Each structure stands twice: as structure tokens, then as C-alpha cells.
Amino acid sequence: MSMYGRDPWGGPLEIHATDSATDDDRSRNLQELDRAALDETQQSWLLGAGEQKNKKKKKYVDLGCIIVSRKIFLWTVGTLVACALLAGLITLIVKTVPRHHHKQGPPDNYTLALHKALLFFNAQKSGKLPRHNNVSWRGNSCLQDGKTGATSSVIKDLVGGYYDAGDAIKFNFPASFAMTMLSWSVIEYSAKYEAAGELAHVKDIIKWGTDYLLKTFNNSADTINTLAAQVGSGDTSGGSTTHNDHYCWMRPEDIDYQRTVSECHGCSDLAAEMAAALAAASIVFKDNRAYSQKLVHGATTLFKFSRNQRGRYSATGSDAAKFYNSTSYWDEFVWGGAWMYYATGNSSYLKLATTPGIAKHAGAFWGGPDYGVLSWDNKLAGAQVLLSRLRLFLSPGYPYEEILSTFHNQTGIIMCSYLPIFTSFNRTKGGLIQLNHGRPQPLQYVVNAAFLAALYSDYLDAADTPGWYCGPNFYSTNVLRDFAKTQMDYILGKNPRKMSYVVGFGNHYPKHVHHRGASIPKNKIKYNCVGGWKWRDTPKPNPNTIVGAMVAGPDKHDGFHDVRTNYNYTEPTIAGNAGLVAALVALSGDKSTGIDKNTIFSAVPPMFPTAPPPPAPWKP
């Protein structure tokens, strides 16, 4: 039966069975509502009016990953904004408030002299000069070298290289030594060259020399039987009037006579020195892989030639014997072998350089008046220092230890001989060491000794060794550095004459340098062979300043004659200036910079010393 009723407001009232409820159900629902209301009333009473009010007002901020109260959020944001404003204010103050900048101190004398000493090589360049040569009175010269006067079918182009001294001869023997010394100084002190702003310059100087040396033999071959030893000649004996590089006094740019080429077929000393130059330079240019490998290949070919075809390059009667006579080739074997080992890592070269028989022939086990004197002729002292480096830092052990230990001990003895307390060498009253025993042209030997002393001092410092023994007495490494400084200071002007022997350094230096190019003005007039004699003989100063040239030096009484015709006082050489550059860079800048310990060993493989042979069986 459907149930209908009337809505009290006039509409019909329909009651469905599903919506109907019993009185018990309604009563139960009302009780639950009343209970919830009661619980809320009780909570309100327990919390108190104040806390309930705060609870109602407390709000939250949803940051996605966490929910924090608005109060904490606002406080955090405010703190960050305040910190940012404070940091900005501090930065603004720092940037706007004027500050006193501490200027870097002026360069030391050694650095100043280094800039000038390198310029001398620019003045000695032969061939077609680069635009950036920076010597205004020099130009292209001797562009026919090798194209005439050579007898070899292989050597046809000998343009380039360096003139040896005040003449226009290109002697490969001292020139190779000069390039070896420059490369050695770059390998050890590249950071100091970089600090002085001269690294690119000195590398350019070396490359000019090595590019030329590569022309003097068939550098693409593995085996050769000849090489060019010299371009030009200077023999004027017997009153000869033949036009050559000593008889004529001409600017190199004006030379019009034929220049001879001297070749050699048995020249162990020259070939080994040239190998040393190319090997050392290959380490300098190791970042230029192709050129470095070319240098290594050339050095390998030359050293093989030096071993296979024995002989001195300055044979009796040769032009070289009169000017750069080599006393032996054994020291070049030790020197060249050491550089070949560093350049290649091939242990056969180290084995050769440490062969007792070769060292004995080179004079390693006996003294003599010139023992410890490094020069274009005698490389033994340099080789001993170079191989002492190997023992100090790599300690290869057997089978090299015995001879390396000998070289190391001999190096210590050489360093002792440089000290004033010992009497191996005399000194002038002004303090200049007489490494050539009073003979002329002393400064080239002095600068080489100063370089070795400063370098060995840096070796010991890098090896955490405070000094070395001279007999029972122990000497600090600072003593060696002081020796090098006193000698270089003498050369730069701290001497009885108050004269700098480096042209262009200081206010008082030689003005009549024995140098053809510097003594003849660049005035568009070509002076012939004998026409230039008037410039040789004039008492007037040179019209061109050959900046950086270190002259031959004073006599054993500290005397010096600034006379152009006396080459024993006033002639500079590239071999001498190479030692000067090396010594200057070793002493320049901050002592704490020190040497580059690792670059020289870049081609050397890890060393695993061979065990010594077992002792012979005991016999009763």
C-alpha cells in the first residue's frame, strides 16, 4: 500500500520505504551528534579561551615537499633577504673605496741583463732575417751559403745559422755547444724564462740554430758519412791577402766574395756535440711532436756517425784547428751520450756515457790544470753535473751506480774548487776567478762555472740536501749560489773598473767592440773588403750598439783595453753569450722557483734496477 500524505506547506509528501527509520535509529543518531558536540565543548573548556583562539588563527605554508608554519617561513625568507642586502652593501663598499695597490718590485739585475744578453743572438743571425728580429742595423746576408763552395752532393743549402763572433764565419762546433747550453737552461728554468717574458724568444733563438744544424747533413738518412763543419774561412797566416772573413772588414750584408764550406768525414767530437744540441732541443720542443721527433732522428744519425767514423774534426792544418781546436772527442761521447739518453730513454746511451773506459779517456779520474772548466772544447764538467742529476733524482742503481757515484763525487770536488777558500784557481784582486789561468778571454769560462754552481745548488735544494762536503768541512748550498753571484756581479759592473762587460747594461760598458757589423754604419754605402778597414781602425765608438754582447773580458790584473783591434779584450762570441744567458736565468727572479725536476726525464721509462750478479762461490 502506498503511503501518501499532505505536506503541511501545501505540497504532497511522499515517504519511501528506504528513507524511513525507526525511532530507535533516530534516537541513536541524535545521541552520536550530541556526543561529538560534547567532546568539542569539553576540549574548548580544557584548552582555555586564549589557546583556542591561537589555534584557530595559526596557519601553515605548503612548500610541496614540506609544510611549515607561516611564521617560520617569513622569518627564514627575511633573514636571507637581509643577508643578501648586507653582502651587496659590503661588495659595494669594497669596490668603491679607493685602495693602495702594491706594485711589483723592479726586476733584478740578472733579469735586466738577461733581456739584453738574448738580443745578442738576434744580431748574430745569418740568412734571411725574420721581421721581428729587433736589430735595426742588421739585414739579410750570405744567402748563397752552401750553394757554391760545397763539394757534397747532399749539402746544397747552408743559409741561416749564427755568425760565431765579430766575423762572419759559421763554426758548427762552438755553435752546437751554444745551442746545447741554451736548451739546458730552458729545460731547467722554463718557469723563470716565462716570468721574465723571454721563453718564446729563447726558444726562437734555439730553433734558428737547430734548423741550421739540420741542414749541415742528410738529416733524413739513418746513416751518413759526411757533414758540413764550417762555412767561411779566416786563415790569414803568411800575410795572405785572400779575401775571407778575417782579412776583410765588411758588414755581412755586403759580403761579395765566395765563402768556402769545410766538410768532415771523421769528426767524432763535432758530430757528438751536434747530436747533444739536437737531443737537448728535442726536449725543449717536446710539445711540438713532429719537430721534436725530427730532432731526435737527426741526433741519432749524428751520434751513430760520431761512433762509427772516429776522429777529431780539427785535424792538423785545418782552418778550425787555428780557432776552435778540439783536444779530444771522449768528453763529447759522455756529454752526447747523456743527452741522447734523456732525449730517447734508450738505456744503451746511458750505458755508453757511464762506461768507465770512456770516462777515463775523458779525464774523469784525474785532475789537471783545466779540470772542472766547462767550455766549447771540454764538456766533461757539464756531463758530470748532468749525470749527477740522474743519480740525485732517479737513482738507477746497478749497473750504473758505481760510475754515477764517481761522477757525483767529482762534481762535489769541482764545486769545492770554485770556492775562494781553495787554491785550485787564482783570483784577480777584484775577485774574478781565473779558470783559464790568466790566459786571454776569461769571461766565457766564468759564466759557465757560475751556471754550473747555481744549477748544482738548485739540484741539491730540490733533492732536500742542505749542502755537500769538501773534505771534512760541510758547505751550504747558499755558498755555491754566492760564488755564482759574485762572479756575475763582477761581469755586470762590480769590479775595480766599475765597467759592465755586457754591452748596453749599465752606464759604462765597452764602446769599441770587435765586431764588423756593429762598427760599420748602415748608411747605404757598401764598403768593400779593405774599404772597411777605416772603421776597424778608427778610435771612434761603434756607430751601432750590439746590445747584450759579453766581450772577452779583462786580464789577470783586472785591466781592460776598450780597443776594437784587440779581440782578446773586446770580441764577443755566441758560445760565451750562451753561458751568460744560462747563468743569468739561473740567478734571476725568485730563488724559490727552483728547477723543473721532471721535464728532462719525460722520455725516460720507469727504472727497475737490475740485481747485481751473485758473488763468486767461496773456495777454501
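Because the structure is a prediction, the values reported are computed rather than measured.

### Observations regarding the overall build of the chain
What the chain contains, in helices and strands, is 20 helices and nine strands. Residue burial in the chain is summarised as follows: out of 620 residues, 50% are buried. Intrachain contacts of the chain at a sequence separation of at least 6 include 73% that bridge at least 24 residues. Carbon and sulfur atoms make up 56% of the accessible area of the chain, which totals about 30,600 Å².

### Concerning unusual backbone geometry
Residues Tyr398 and Pro399 are joined by a peptide bond in cis, for which omega reads 5°. A positive phi angle is found at Ser395, which is not glycine, with a value near 45°. Residue placement: Ser395 occurs in the loop between α13 (380-393) and α14 (401-418). Even without being a glycine, Lys524 presents a positive backbone phi close to 65°. Here Lys524 lies in the loop between α17 (516-519) and α18 (533-537). Lys524 sits in the exposed class, given a relative accessible area of 88%.

### Some points on empty space enclosed by the protein
Inspection of the entire model under this criterion finds three cavities of 30 Å³ or more. For the largest cavity, the calculated volume is near 110 Å³. Around the largest cavity, the lining is made up of 18 residues, and of these Asp167, Ala168, Met250, Pro252 and Arg516 lie nearest the centre. Looking at side-chain class alone, the lining of the largest cavity contains nine nonpolar, four polar and five charged residues.

### Digging into the packing of aromatic side chains
In the structure shown here, the tally under the stated rule is 30 aromatic pairs. Between Trp184 and Trp339 the ring centres are 5.9 Å apart and the planes differ by 85°, which places this aromatic pair in the edge-to-face class. With Trp184 in helix α5 (residues 172-196) and Trp339 in helix α10 (residues 330-344), the pair connects residues that are 155 residues apart, well separated along the chain. Across the pair, exposure class does not vary: Trp184 and Trp339 are buried alike. The interplanar angle of 80° and the centroid separation of 5.8 Å between the aromatic rings of Tyr527 and Trp535 together place this pair among those described as edge-to-face. Overall, Tyr527 belongs to the buried group, its relative accessible area being 11%. Each residue in the set Trp184, Trp335, Trp339, Tyr341, Tyr342, Phe451 and Phe601 is aromatic and connected to the rest through ring pairs, giving one cluster. Positioned over the ring face of Phe333 is Arg307, at 4.9 Å from the centre of the ring. The ring of Tyr509 carries Lys511 above its face, with NZ or CZ at 4.1 Å from the centroid.

### With respect to the nonpolar core
In terms of nonpolar packing, the biggest core is built from 167 residues, with Trp184, Leu227, Trp339, Tyr342, Tyr418, Phe451 and Met488 touching the most fellow members. For this core, the leading source of residues is helix α15 (residues 443-462), giving 14 residues. When sequence neighbours within four positions are dropped, the list of residues in contact with Trp339 reads Thr180, Trp184, Ile187, Ala276, Ala279, Ala280, Ile283, Leu386 and Ile600. In terms of nonpolar packing, the next biggest core, distinct from the first, is built from nine residues, Ala168, Cys248, Met250 and Cys529 among them.

### Focus: the confidence of the model for the chain
A residue-level look at the chain finds 86% of positions with pLDDT of 70 or above and a mean pLDDT of 88. In this model residues 1-23 is a low-confidence stretch, pLDDT under 50, and it forms nine contacts with partners more than four residues away in sequence or in other chains. Confidence drops under pLDDT 50 across residues 25-57; counting only partners more than four residues distant or on other chains, this segment forms two contacts.

### A closer look at the packing of α5 against α10
Axis separation between α5 and α10 bottoms out at 13 Å; the angle between their running directions is 40°. Classified by the angle between their axes, α5 and α10 sit oblique to one another. For the pair α5 and α10, the crossing hand works out as left-handed. Across the interface between the two elements, Phe173, Thr180, Trp184 and Ile187 of α5 pack against Glu332, Trp335 and Trp339 of α10. Tallied by class, residues from the contact of α5 with α10 come to five nonpolar, one polar and one charged.

### Considering a nonpolar patch on the surface
On the surface, Leu86, Leu89, Ile90, Leu92 and Ile93 cluster together into a nonpolar patch covering about 470 Å² of accessible area. Mapping Ile93 onto the fold places it in helix α3 (residues 70-96). Ile93 sits in the partly exposed class, given a relative accessible area of 44%.

Conventions adopted
- Residues numbered from 1 in each chain as written.
- Predicted model: local features only at pLDDT ≥ 70, side-chain atom pairs only at ≥ 80, totals over all residues.
- Heavy atoms only, no water.
- Helix = DSSP H or I, 4+ residues; strand = E, 2+ residues; numbered from the N terminus.
- Buried < 20%, exposed > 50% of the residue type's maximum accessible area, 1.4 Å probe, protein only.
- Contact = heavy atoms within 4.5 Å.
- Areas by Shrake-Rupley, 256 points an atom, 1.4 Å probe, with all protein chains shown as cover.
- 1 Å grid on protein atoms, 1.4 Å probe; cavity = no way out; pocket = protein on both sides within 12 Å on 5 of 7 lines; lining within 4 Å.
- Points joined across faces, edges and corners; volume = space filled by probe spheres on them.
- Nonpolar A, V, L, I, M, F, W, Y, C, P; charged D, E, K, R; others polar.
- Phe/Tyr/Trp six-rings, centres within 6.5 Å; stacked < 30°, edge-to-face > 60°.
- Lys NZ or Arg CZ within 6 Å of the ring centre and 35° of its normal.
- Core = buried A, V, L, I, M, F, W, Y, C linked by side-chain atoms within 4.5 Å.
- pLDDT = per-residue confidence, 0-100.
- Axes fitted to C-alpha atoms, helices over the stretch in contact; angles between N-to-C directions.
- Parallel < 35°, antiparallel > 145°, perpendicular 65-115°, else oblique.
- Left-handed = near helix turned anticlockwise from the far one by under 90°.
- Patch = residues over 30% accessible without salt bridge, like charges linked within 9 Å, V, L, I, M, F, W, Y side chains within 5 Å.
- Salt bridge = Lys/Arg side-chain N within 4 Å of Asp/Glu carboxyl O.

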